[in-house]
Amino acid sequence: DAGVTQSPTHLIKTRGQQVTLRCSPISGHKSVSWYQQVLGQGPQFIFQYYEKEERGRGNFPDRFSARQFPNYSSELNVNALLLGDSALYLCASSFSRGLWLGYTFGSGTRLTVV
Amino acid sequence: DAKTTQPPSMDCAEGRAANLPCNHSTISGNEYVYWYRQIHSQGPQYIIHGLKNNETNEMASLIITEDRKSSTLILPHATLRDTAVYYCIVRVAGAGKSTFGDGTTLTVKP
């Protein structure tokens, strides 16, 4: 079975631009979460989606938004990029929101804002 | 989610047991303890979790104190490939987020 896949793996954007990151969960997994990991720090929670509805939101500005599609894949959008948005963006999927058996993380998208 | 405290770094000799501690003194009764590790440039990998009882799987053992205020992850025979950042997380099953700290960087040396 394929794991959690994220695309693109790397990208470079300019300040003020917008970016869309994509995530495909493991087949059968209905919950997708997004994390931001700045170099040298642990991942920070951004969003969780379950059954296409937002179920949790971290302490991030409204420039960050996400959605989940009927096939449970997800997109993370970041508008008006700042230099501080440079980070590894991780997507994680799990089967159930209620009985949490642990996330499976993708390898992430490395975003560099210049 | 309860806050966790881990040492920033630890060393271990190859073939020896690695014991990684985690303090979670404010853990609530319905919060589980989870351990993940992150090898350089990869996403975090789930290792093990537990609520009250000690747990063991093919990767590691988890020892949770009786008062649940601390736990220890044990890698019984560390290899060079176990060099990674190890994160201890406490959270309610079903909660929307996991709070990662800065973890412990474990370096396994030959």
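Right above here is the structure, for reference.
Here is a short report on the structure shown in this document.

Thresholds applied
- Residues numbered from 1 in each chain as written.
- Chains lettered and ligands numbered in written order.
- Predicted model: local features only at pLDDT ≥ 70, side-chain atom pairs only at ≥ 80, totals over all residues.
- Heavy atoms only, no water.
- Phe/Tyr/Trp six-rings, centres within 6.5 Å; stacked < 30°, edge-to-face > 60°.
- Helix = DSSP H or I, 4+ residues; strand = E, 2+ residues; numbered from the N terminus.
- Buried < 20%, exposed > 50% of the residue type's maximum accessible area, 1.4 Å probe, protein only.
- Contact = heavy atoms within 4.5 Å.
- Buried area = accessible area lost by both parts, 1.4 Å probe.
- Salt bridge = Lys/Arg side-chain N within 4 Å of Asp/Glu carboxyl O.
- Polar contact = N/O pair within 3.5 Å; in protein donor to acceptor, adjacent residues only side chain to side chain.

Moving on to the packing of aromatic side chains. By the definition in use, this model includes 13 aromatic pairs over all chains. Plain terms: the ring middles of Tyr 35 of chain A and Tyr 103 of chain A are 6.1 Å apart, the flat faces sit at 70° to each other, and that makes the pair edge-to-face. Of this pair, Tyr 35 of chain A sits in strand E4 (residues 31-37) while Tyr 103 of chain A sits in the loop between strand E9 (87-94) and strand E10 (104-105), and the two are 68 residues apart along the sequence. Exposure class is identical for Tyr 35 of chain A and Tyr 103 of chain A. Each is buried. Relative to Tyr 46 of chain B, the ring of Tyr 36 of chain B has its centre 5.8 Å away and its plane inclined at 70°; by these criteria the two rings are edge-to-face.

It is common to give the size of an interface as the accessible area lost on bringing the parts into contact. In this complex, chain B contributes 18 residues to the contact, which on the side of chain A involves 21 residues. Between chain B and chain A, roughly 1600 Å² of surface is buried when both sides are summed, and carbon and sulfur atoms account for 52% of that area. The interface formed by chain B and chain A holds zero salt bridges in total. In this assembly, chain B and chain A are joined by four residue pairs in polar contact (both at pLDDT 80 or more). Contributions of two or more residues to the side of chain B that touches chain A are made by strand E3 (31-38) and strand E8 (84-92) of chain B. For the side of chain B that touches chain A, the element with the most residues is E3 of chain B, which contributes three residues.

Residues and elements named next belong to chain B. In this fold, His 24 is placed in the loop between strand E2 (18-23) and E3. Its relative accessible area of 0% is what places His 24 among the buried residues. Side-chain polar atoms of His 24 contact the side chain of Ser 71, separated by 3.0 Å. When near neighbours in sequence (up to four residues on either side) are disregarded, His 24 contacts Lys 3, Thr 4, Val 33, Arg 68, Lys 69, Ser 70, Ser 71, Cys 88 and Val 90.

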